[in-house]
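Listed below are the residues making up each chain.
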Amino acid sequence: MTGFSVTFISEEHELNETVTCAGDEYLLDAAEAASVDLPYSCRAGACSSCAGKVESGDIDQSEQTFLDEDQMAEGFILTCVTYPKSDCTILVHEED
């Protein structure tokens, strides 16, 4: 299956990695499969351990239950329950 190019960036953690992620694969799972170490806890979209921020691209995080409308409007996502809908760039380690 063809996938999307997803780039994970964290200046603080010196991370700039691009992985291929299928449209039906969570961002966190694709990162793990490519040996990119990202933070997580619940893996159910119910906490902020895996929070990221979309810098570019389209995503689907309809399964998350933690972020409020304002946070989502600012581009925040939960990588454990977010699917790519295009090539995208995600700032990670954004729990703060």
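Residues numbered from 1 in each chain as written. Predicted model: local features only at pLDDT ≥ 70, side-chain atom pairs only at ≥ 80, totals over all residues. Heavy atoms only, no water.

Colleague: Just to check I follow, could you spell out the pattern of salt bridges for this structure?
Modeller: Charged atoms that come close allow side chains of opposite charge to pair. Here the structure, examined in full by the defined rule, presents 2 salt bridges. Residues R43 and D29 are paired through a salt bridge, measuring 2.6 Å at the closest nitrogen-oxygen approach. One end of the pair, R43, is in the loop between α1 (27-33) and β3 (51-56); the other, D29, is in helix α1, with 14 residues separating them in the sequence. Overall, R43 belongs to the partly exposed group, its relative accessible area being 33%. Judged by relative accessible area, which is 29%, D29 ranks as partly exposed. Overlapping salt bridges, with partners in common, bring together D29, E32 and R43 in one network. (Salt bridge = Lys/Arg side-chain N within 4 Å of Asp/Glu carboxyl O. Helix = DSSP H or I, 4+ residues; strand = E, 2+ residues; numbered from the N terminus. Buried < 20%, exposed > 50% of the residue type's maximum accessible area, 1.4 Å probe, protein only.)

Colleague: Hey, could you run me through the sheet that holds β3 in this one?
Modeller: The strands that make up a sheet pair up through hydrogen bonds in the backbone, lying either parallel or antiparallel. Sheet architecture is open: 5 strands sit in the order β2-β1-β7-β3-β5, paired in mixed fashion. The sheet is open, and its two edges are formed by β2 (15-21) and β5 (76-78), each paired on a single side. Sheet twist, expressed as the average angle between the axes of neighbouring strands with direction ignored, equals 35°. In this structure, β3 lies alongside β5, joined through 3 bridges in antiparallel fashion. Bridged to G52 within β5 is I77. (Pairing = 2+ DSSP bridges. Axes fitted to C-alpha atoms, helices over the stretch in contact; angles between N-to-C directions.)

Colleague: What exactly am I supposed to notice about the packing of aromatic side chains here?
Modeller: Two descriptors summarise a pair of aromatic rings, namely the distance from one centre to the other and the angle between the planes of the rings. Per the counting criterion, the structure on display carries 1 aromatic pair. Judged by centre distance (4.7 Å) and plane angle (25°), the rings of Y26 and Y83 are stacked. Of this pair, Y26 sits in the loop between β2 and α1 while Y83 sits in strand β6 (residues 83-84); the two residues are 57 residues apart in sequence, bridging distant segments of the chain. Neither Y26 nor Y83 differs from the other in exposure class; each is buried. R43 extends its terminal NZ or CZ atom over the ring of Y40, reaching a point 4.6 Å from the ring centre. (Phe/Tyr/Trp six-rings, centres within 6.5 Å; stacked < 30°, edge-to-face > 60°. Lys NZ or Arg CZ within 6 Å of the ring centre and 35° of its normal.)

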